[in-house]
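Listed below, chain by chain, are the residues.
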Amino acid sequence: MNEEALALLQRVLAIKEKLYGTKNVEVARCLEDLAQLEAHRENFQAAATLQGRCIEILEKTFGSEHREVALALRSLASTYYRQGDYDRATIPLERSLAVVEKSLGKSHPLVGDFVGDLALLRAAKGDHDDVLRVALRALAIHEKSFGRGEPRVINDLYFLARASGAKGDSDQSLNYWSDLLGAIRQFHASRSLALEDA
């Protein structure tokens, strides 16, 4: 199945390059799709190369401070993360965060998502102090944007509970686990109400 999809996407890419030229946004989007498939196949080097081409096209088209560029950088960071190369993932992720902060403001929900990605990366590197700092920021953005019973908030609380425990602060960790349980209950309660209203 993956081989068929890969062949099909490569054919689509060739057609788009012929139609639009090699530096068109449609080509960049196709490169990103192809990169995602390669990453799914765990061919991370090919995925990173394709994402690099995609980013180059987007930067030439929109400039380096555009949201499309930030999303492509985030995708590249995700490829490096999945490969286990956390140091290489840091650069594009921090750059993408700077772009969305500048374009959307520091408290936009998408910024919170990027900050949450940074917490995940810091957790993978075992940097518990930074996980706490970053996850607290993500939590503040997500709670303000969505309220307590939302999956992003639950995820942020999870990182805070784990990082606090890893640092040896069992009281704080217990508080975060308790908050996490409350957020999960609130999430399920809101879904139950939604089903009853349907």
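Calculation notes
- Residues numbered from 1 in each chain as written.
- Predicted model: local features only at pLDDT ≥ 70, side-chain atom pairs only at ≥ 80, totals over all residues.
- Heavy atoms only, no water.
- Disulfide = S-S within 2.5 Å.
- Buried < 20%, exposed > 50% of the residue type's maximum accessible area, 1.4 Å probe, protein only.
- Axes fitted to C-alpha atoms, helices over the stretch in contact; angles between N-to-C directions.
- Helix = DSSP H or I, 4+ residues; strand = E, 2+ residues; numbered from the N terminus.
- Parallel < 35°, antiparallel > 145°, perpendicular 65-115°, else oblique.
- Left-handed = near helix turned anticlockwise from the far one by under 90°.
- Contact = heavy atoms within 4.5 Å.
- Nonpolar A, V, L, I, M, F, W, Y, C, P; charged D, E, K, R; others polar.
- Salt bridge = Lys/Arg side-chain N within 4 Å of Asp/Glu carboxyl O.
- Expected span 1.5 Å × (residues − 1).
- Phe/Tyr/Trp six-rings, centres within 6.5 Å; stacked < 30°, edge-to-face > 60°.
- Lys NZ or Arg CZ within 6 Å of the ring centre and 35° of its normal.
- Core = buried A, V, L, I, M, F, W, Y, C linked by side-chain atoms within 4.5 Å.

A.B. asks: Even after reading the chapter, I still don't get the state of the cysteines, so can you show me in this structure?
C.D. replies: Joining two cysteines, a disulfide is a covalent bond between their sulfur atoms. Using the criterion set out here, one finds 0 disulfides in the structure. With no disulfide of its own, cysteine 30 lies closest to cysteine 54 among cysteine sulfurs, the gap being 10 Å. Relative accessible area serves as the criterion here: at 2%, cysteine 30 is assigned to the buried category. Assessed through its relative accessible area of 2%, cysteine 54 is described here as buried.

A.B. asks: I'm lost on the packing of helix H2 (residues 25–40) against helix H4 (residues 67–83) in this one. Help?
C.D. replies: Each pair of packed helices can be summarised by the angle the axes make with each other and by the distance between the axes. Two elements in contact, H2 and H4, have axes separated by 11 Å at closest approach and are oriented at 15°. Judged on the interaxial angle alone, H4 and H2 are roughly parallel. Here H2 runs over H4; the crossing is left-handed. Contacts from Arg29, Glu32, Gln36, Ala39 and His40 of H2 reach H4 at Glu68, Ser75, Thr79 and Arg82. A per-class count over the contact of H2 with H4 returns 1 nonpolar, 4 polar and 4 charged.

A.B. asks: Help me understand the side chain of glutamate 32, please; the structure alone is not making it clear to me.
C.D. replies: Here glutamate 32 is to be found in helix H2. In this view, glutamate 32 contacts Gln51, Cys54 and Ser75; residues no more than four positions away in its chain are not counted.

A.B. asks: Sorry if this is basic, but what is going on with the packing of helix H7 (residues 128–146) against helix H8 (residues 151–166) here?
C.D. replies: Between H7 and H8, whose axes approach to 8 Å, the crossing angle comes to 155°. As summarised for this structure, H7 and H8 are arranged roughly antiparallel, according to the angle between their axes. Once H7 is placed against H8, the crossing between them reads as left-handed. Contacts between H7 and H8 involve His128, Val131, Leu132, Ala135, Leu136, Ala138, Leu139, His142, Glu143 and Phe146 on the former and, on the latter, Arg152, Val153, Asp156, Leu157, Phe159, Leu160, Ala163, Ser164 and Ala166. Of the residues assigned to the contact of H7 with H8, the class counts are 13 nonpolar, 3 polar and 3 charged.

A.B. asks: In this structure, what is going on with the pattern of salt bridges? I would like to understand it.
C.D. replies: Where charged atoms of side chains with opposite charge meet at close range, the side chains can pair. Inspection of every chain in the model, using the stated rule, returns 21 salt bridges. Its salt-bridge partner being arginine 88, residue aspartate 85 comes within 3.9 Å of it at the nearest N-O pair. Aspartate 85 gets classed as partly exposed once you look at its relative accessible area, which sits at 24%.

A.B. asks: Teacher, can you tell me more about helix H1 (residues 2–20) here?
C.D. replies: Each α-helix winds once per 3.6 residues, and so residues spaced three or four apart point in a common direction. The end-to-end C-alpha distance of H1 is 26 Å, a good match for the 27 Å that 19 residues give at a rise of 1.5 Å each. In this structure, the buried side of H1 is in contact with H2. Among the residues trailing H1, glycine 21 stands out with phi positive, at a value near 95°.

A.B. asks: Before we go on, may I ask you to explain the packing of aromatic side chains in this structure?
C.D. replies: When we look at a pair of aromatic rings, we describe it by the centre distance and by the angle of the planes. All told, the structure shown has 3 aromatic pairs when counted by the stated rule. Grouped by ring-pair contacts, the aromatic residues Tyr158, Phe159 and Trp177 constitute a single cluster. Here the guanidinium or amino end of arginine 74 rests over the ring plane of phenylalanine 114, the centre of that ring lying 4.4 Å away.

A.B. asks: Even after reading the chapter, I still don't get the nonpolar core, so can you show me in this structure?
C.D. replies: For soluble globular proteins, nonpolar side chains are generally found buried alongside one another. Ranked by size, the top nonpolar core spans 57 residues in total, and within it Leu31, Leu58, Leu97, Val100 and Leu157 carry the most contacts. If you tally residues by element for this core, the top one is H2, at 9 residues. Not counting residues within four places of it along the chain, the set of residues in contact with leucine 97 comprises Val111, Phe114, Val115, Leu118 and Arg137.

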